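Remarks on the overall topology
Here is what each chain is made of, one letter per residue.
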Amino acid sequence: MMRQHPESARRLRWLAWASMLLVAGGTLVAGRAGAEDPAPATRAVDQDVQDLKKQLLDLNKDLFKLEEEILYPTSTQVAVFLSLNVGTFFELDSVTLKLDDKEVANYLYTEREVQALHRGGVQKLYLGNLKAGRHELVAFFSGKGPHEIDYRRGATLSFDKTVGAKYVELRISDREASLQPEFVVRQWD
Amino acid sequence: MALMRTLALVAAAIAGALAYPLAARASTTAVSDGTTAPDFVLKSTDGHNLRLSEYRGDVVVLAFWASWCGSCKAALSELNTIADTPGSGRPVVLGISLDGDAARASSIVQSLGLRYPTLLDTRQAIGRLYDVEKLPLTLLVDRDGIVRGTWASAPAPRAELNRVLEEIGQ
């Protein structure tokens, strides 16, 4: 099953290319057909192009969903998200993610990305497949802690992967009582 | 209806004919003129993380170098003049050091007085991504992220750089 994924993705990508070129080809032909009577024909062609663009966007959206469903079926899918809550005591620099002792993601954050997270954005940090059973996720957070001191902390979550998709959230928040950042890993049910 | 079917068949045939070389090209071509510059994020010598795709809308000059490369120093110093170009629409210059030792790269940046960000590719991951074989390597990336000029082994001649900048409306 796993070996078929890259082939399926290639086919999907080819299909996307073919669709785009099909639309482009159709537009060209339509453009030529309308060249004899410019004014009304131009409007009609313009409307056709807009319709085709919309169809193309819808098709791309469907293909993206389909690709995700094929590459990451619900039965094996695991997704890890990251969010920030306030972040006064921690300036995020990078996150390294390990699943069952294997590094699966290492992400460096730019200022703009950190700002987006501060504004409430949630980042999909990792999307992959896991077989059913017991697994361990370890996240290492690097950045600047209180008083601009280099800060690195780890957080661990052991979880059971069942038949459904598994969603995990890494949340960085402020612990006002100790004036320290807090790193929480939790599962979404 | 028959016309539509014919049109669809013609378009599909064109699509097939065009898609094959495009797919073949994507799998074999390294970064070269006309291709999209692969995105990356690296830490700069001043501690900030910079991502290439965040400069979409700006013209970017990427300069790969290493401390052991003699001709790189002249290339880096020359790029100071581009970074100092007056006006808000000037190209963004990003130096990318392939040195394994970040401190060594930082000392070169200081000694040459570079006035643009220098990124540290200590694991040479981005060097591999860009298939860097000869240094210095200078790439000119347009506002849409497409590589418009590549110069390897020697500093990019300023006249040529200016010509390409003019071509892309900089």
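For clarity, every value in this text was computed on a predicted model and none was experimentally measured. (Residues numbered from 1 in each chain as written. Chains lettered and ligands numbered in written order. Predicted model: local features only at pLDDT ≥ 70, side-chain atom pairs only at ≥ 80, totals over all residues.)

A closer look at the overall build of chain A
Regarding its fold elements, chain A presents three helices and eight strands. Written out in order from the N terminus, the α and β elements of chain A read α-α-β-β-β-α-β-β-β-β-β. Looking at the 189 residues of chain A, the share that counts as buried comes to 11%. Partitioning the contacts of chain A with sequence separation of at least 6, the portion at a separation of at least 24 is 66%. (Helix = DSSP H or I, 4+ residues; strand = E, 2+ residues; numbered from the N terminus. Buried ≥ 20, exposed ≤ 12 C-beta atoms within 10 Å, placed from the backbone. Contact = placed C-beta atoms within 7 Å.)

Some remarks on the sheet that holds strand β3 (residues 60-65) of chain B
Residues and elements named next belong to chain B. The strand order across the open sheet formed by seven strands is β2-β1-β5-β4-β3-β6-β7, and the pairing between neighbours is mixed. The open sheet is flanked by β2 (49-51) and β7 (147-152), the only strands paired with a single partner. On average, adjacent strands in this sheet sit at an angle of 30° to one another, irrespective of strand direction. Bridge count for β3 against strand β6 (residues 137-141) is five bridges, and the pairing is antiparallel. Bridging from a neighbouring strand, V60 pairs with V141 of β6. (Pairing = 2+ DSSP bridges. Axes fitted to C-alpha atoms, helices over the stretch in contact; angles between N-to-C directions.)

Some points on the nonpolar core
All names here are of chain B. Counting residues in each nonpolar core, the largest one holds 37 residues, and the members touching the most others are L62, A63, F64, W65 and I96. Elements supplying a minimum of two residues to this core: β3, α2 (70-83), β4 (92-97), α3 (102-112), β5 (118-120), β6 and α5 (158-167). Beyond its immediate sequence surroundings of up to four residues, L62 is in contact with L94, I96, L139 and V141. (Core = buried A, V, L, I, M, F, W, Y, C linked by C-beta atoms within 7 Å.)

Some remarks on the environment of A132 of chain A
All names here are of chain A. With respect to the helices and strands, the residue A132 is situated in the loop between β4 (123-129) and β5 (133-144). Given 13 C-beta atoms within 10 Å, A132 falls into the partly exposed group. With 71 residues separating them in the primary sequence, A132 and K61 have C-alpha atoms 29 Å apart. Sequence-distant contacts of A132, defined by excluding residues within four places in its chain, comprise K161, T162 and V163.

Some remarks on the confidence of the model for chain B
In the predicted model, chain B carries a mean pLDDT of 84, and the fraction of residues at 70 or more is 82%. Contacts from residues 13-29 of chain B, a stretch scored under 50 in pLDDT, to residues over four places away or in other chains number 15 contacts. (pLDDT = per-residue confidence, 0-100.)

Things to note about the environment of S83 of chain A
Residue and element names in this part refer to chain A. With respect to the helices and strands, the residue S83 is situated in strand β1 (residues 77-85). With 15 C-beta atoms counted inside 10 Å, the residue S83 sits in the partly exposed group. The spatial distance from the C-alpha of S83 to the C-alpha of L117 is 6.2 Å, given a sequence separation of 34 residues. With residues near it in sequence (within four places) discarded, S83 still touches L117, V122, E169 and R171.

Here's the deal with α2 of chain B
Residues and elements named next belong to chain B. Along α2, the residues classified as buried are C72, A75, L76, L79 and I82. The buried side chains of α2 occupy one side of the element, clustering within an arc of 100° when seen end-on. For α2, the exposed residues lying more than 90 degrees away from the buried face are G70 and T81. Of the surrounding elements, those touching the buried residues of α2 are β3, β4, α3 and β6. (Arc of directions from axis to C-beta.)

A word on the environment of R51 of chain B
Tracing the backbone shows R51 of chain B in strand β2. R51 of chain B sits in the partly exposed class, given 16 other C-beta atoms within 10 Å. Residues R51 of chain B and F40 of chain B, spaced eleven residues apart in sequence, show a C-alpha to C-alpha distance of 5.6 Å. Not counting residues up to four positions away in its chain, the partners in contact with R51 of chain B are T110 of chain A together with D39 and V41 of chain B.

A look at the sheet that holds β4 of chain A
All names here are of chain A. Strand order in this open sheet of four strands is β4-β1-β7-β8, and the pairing throughout is mixed. Across the chains shown, the open sheet's two edge strands, defined by having one partner strand only, are β4 and β8 (180-188). For this sheet the average axis-to-axis angle between neighbouring strands, irrespective of direction, equals 15°.

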